2 protein chains.
Amino acid sequence: MTEPLYRSVYNTIVKRIADADYVPGSMLPSEFDLAAELSVSQGTARKALIELEQKGIVQRRQGKGTFVTLRTPENSLFHFFSLRDKNGDQVAPQLQTETVIIRAARKYERALLHDQPDKVFEITRVRTFDGKPLCHEKTVVPAPLFPGLKDRSPLPNALYVLFQQAYSCIIISAEENLKAATLDATLASQLDVAPGTPAIVAQRRAFDLKERLVELRTSTFLTESTSYFVDLN
Amino acid sequence: MTEPLYRSVYNTIVKRIADADYVPGSMLPSEFDLAAELSVSQGTARKALIELEQKGIVQRRQGKGTFVTLRTPENSLFHFFSLRDKNGDQVAPQLQTETVIIRAARKYERALLHDQPDKVFEITRVRTFDGKPLCHEKTVVPAPLFPGLKDRSPLPNALYVLFQQAYSCIIISAEENLKAATLDATLASQLDVAPGTPAIVAQRRAFDLKERLVELRTSTFLTESTSYFVDLN
DNA sequence: GAGTGGTCTAGACCACTTT
DNA sequence: AAGTGGTCTAGACCACTCC
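First, a word on what this report is: a plain description of the structure on this page. (Residues numbered from 1 in each chain as written. Chains lettered and ligands numbered in written order. Predicted model: local features only at pLDDT ≥ 70, side-chain atom pairs only at ≥ 80, totals over all residues. Heavy atoms only, no water.)

**Remarks on the overall build of chain A**
- Scanning chain A from terminus to terminus reveals seven helices and ten strands.
- Dimensions of chain A, computed from the C-alpha atoms along their principal axes, are close to 65 × 45 × 35 Å.
- Within chain A, the proportion of its 233 residues that are buried is 47%.
- Taking the intrachain contacts of chain A between residues at least 6 apart in sequence as the baseline, contacts between residues at least 24 apart amount to 57%.
- Charged side chains in chain A number 29 positive and 28 negative. The centres of these two groups are separated by 2 Å. (Helix = DSSP H or I, 4+ residues; strand = E, 2+ residues; numbered from the N terminus. Buried < 20%, exposed > 50% of the residue type's maximum accessible area, 1.4 Å probe, protein only. Contact = heavy atoms within 4.5 Å. Lys, Arg positive; Asp, Glu negative; His and termini not counted. Charge placed at Lys NZ, Arg CZ, Asp CG, Glu CD.)

**Comments concerning the layout of surface pockets**
- The volume enclosed by the largest pocket comes to roughly 1700 Å³.
- Along its surface, the largest pocket is lined by 47 residues, and A:D231, A:L232, A:N233, B:D231 and B:N233 are the ones closest to its centre.
- For the lining of the largest pocket, the class distribution of residues is 20 nonpolar, 16 polar and eleven charged. (1 Å grid on protein atoms, 1.4 Å probe; cavity = no way out; pocket = protein on both sides within 12 Å on 5 of 7 lines; lining within 4 Å. Points joined across faces, edges and corners; volume = space filled by probe spheres on them. Nonpolar A, V, L, I, M, F, W, Y, C, P; charged D, E, K, R; others polar.)

**A short note on the relation of the copies chain A and chain B**
- Taken as rigid bodies, chain A and chain B are interconverted by a rotation of 180° and an axial shift of 0.0 Å, the fit giving an RMSD of 0.1 Å. Overall, the copies show the geometry of a two-fold rotation axis. (Least-squares fit on C-alpha atoms with pLDDT ≥ 70 in both.)

**Side note on the protein's contact with DNA strand D**
- Neighbouring DNA strand D are 20 residues, the closest being A:R60, B:L5, B:Y6, B:S41 and B:T44.
- Within 4 Å of the protein, the contacting atoms of DNA strand D are drawn from sugar and phosphate to the extent of 74%.
- Here A:E31 contributes a backbone N or O atom positioned 3.1 Å from a phosphate oxygen of DNA strand D.
- A distance of 3.2 Å separates a base nitrogen of DNA strand D from a polar side-chain atom of A:Q62.
- When contributions to the surface near DNA strand D are tallied by element, the ones reaching two or more residues are β1 (58-61) and β2 (65-68) of chain A together with α1 (5-18) and α3 (42-54) of chain B.
- For the surface near DNA strand D, the residue count by class is four nonpolar, nine polar and seven charged. (Near = heavy atom within 4 Å. Polar contact = N/O pair within 3.5 Å; in protein donor to acceptor, adjacent residues only side chain to side chain.)

**Section: the protein's contact with DNA strand C**
- DNA strand C sits among 20 residues. The nearest are A:L5, A:Y6, A:S41, A:T44 and B:R60.
- The sugar-phosphate portion of DNA strand C accounts for 74% of its atoms within 4 Å of the protein, the bases making up the rest.
- Between B:R60 and DNA strand C, the recorded distance is 2.6 Å, taken from a side-chain N or O atom to a phosphate oxygen.
- Every element with two or more residues in the surface near DNA strand C is listed here: α1 (5-18) and α3 (42-54) of chain A together with β1 (58-61) and β2 (65-68) of chain B.

See below:
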């Protein structure tokens, strides 16, 4: 075996979460119990748990236990919505409008998304902040992964909370590619600004616990009173 | 003592790097030697070293040793320049023009920068990629921290390499706030595009090993053939 | 072969949370 | 008081690098 022991412990726990043996918000067995069950030392179980915490898959709290990360509107925002206001505080936008349709996947969507879906849901939303439109989002997800999604509209503000609670799909990480653009007439009118207003356009790819690409999202942000925050390390 | 032992080991090592007892590129004492010297167990020294590696301050290589991170043009680019081309590959821009001046610090610069400098160096550069202008950067650093900087012009492509080698100032982390804008006539002509072209404007704050804010930078990126990549975790 | 970091163990004690 | 994770120790053996 070239694979370290703690890695197999890690993988075992990931599998159990993916299989809903351990559900979000619940407590994992203690380090001692996990170690005994998997026939490793407590230190080895601990190392696996620490890596799981660093990946954001579990959360550890001294005196309480280790818990499967529960996506809440708050932490979902914190991890996956990077706009800050002029004071550097996180922006909490409101949902204004939403449309959900099901349609055939475009060729590139089929090629990229998990399991090469023939059909996808397309969720289009406009969010506001301080009473003014702030961003336009077009989210595309594989239809087979989220049966009945359309019937749930209006969807909650934080999609990833729904994905986790209703579909056991836990979003762990995402990448965005940003470009600058000027708004065309259509988008400008939806965001209630003049055509030609500059905006940041973000192309997102989001991955779940099994490292499957389960979402493509195009967000268009106005940056007059907010900015997109990036931490470089 | 509320501070854990490994943290004081960590701080001791950071201090030694800041004081140039350990210089970039050189090997630290082994875990065993550090532990003996500081009267802790090997495991505790190890924990400090692992944290230093996660912060990017040292690099560990099995069989070889632990080394103080050396900023090279390559890794400096990798960590602090997030533009990707259409294939998702890192963009390596060339330097086109550069001006360095020394001037009085503006009020907000004096308030933000380390040690509230009265004078600052302002470095203005245009970078190209594939033969075309790609970005305009205005970098402001405290003059007292970088004596004689102006006389070194033309500065190397990667400023942080110079900061480290010539001034023992090791940049560890940075934050950027991004906005979208349309270029005014001046910037547009410098980047050889039409006025009104959309661009991403990034306001950077860079911090060194001692967590001092030592640089303010405003970068203006064209995003026609590149995009600004962000990893969300 | 000698020296380095990487993995793994077994045990101790501390700090925090809940009952 | 009991149970959790957090720190710390002391030791073993493995994998990799260099001479």
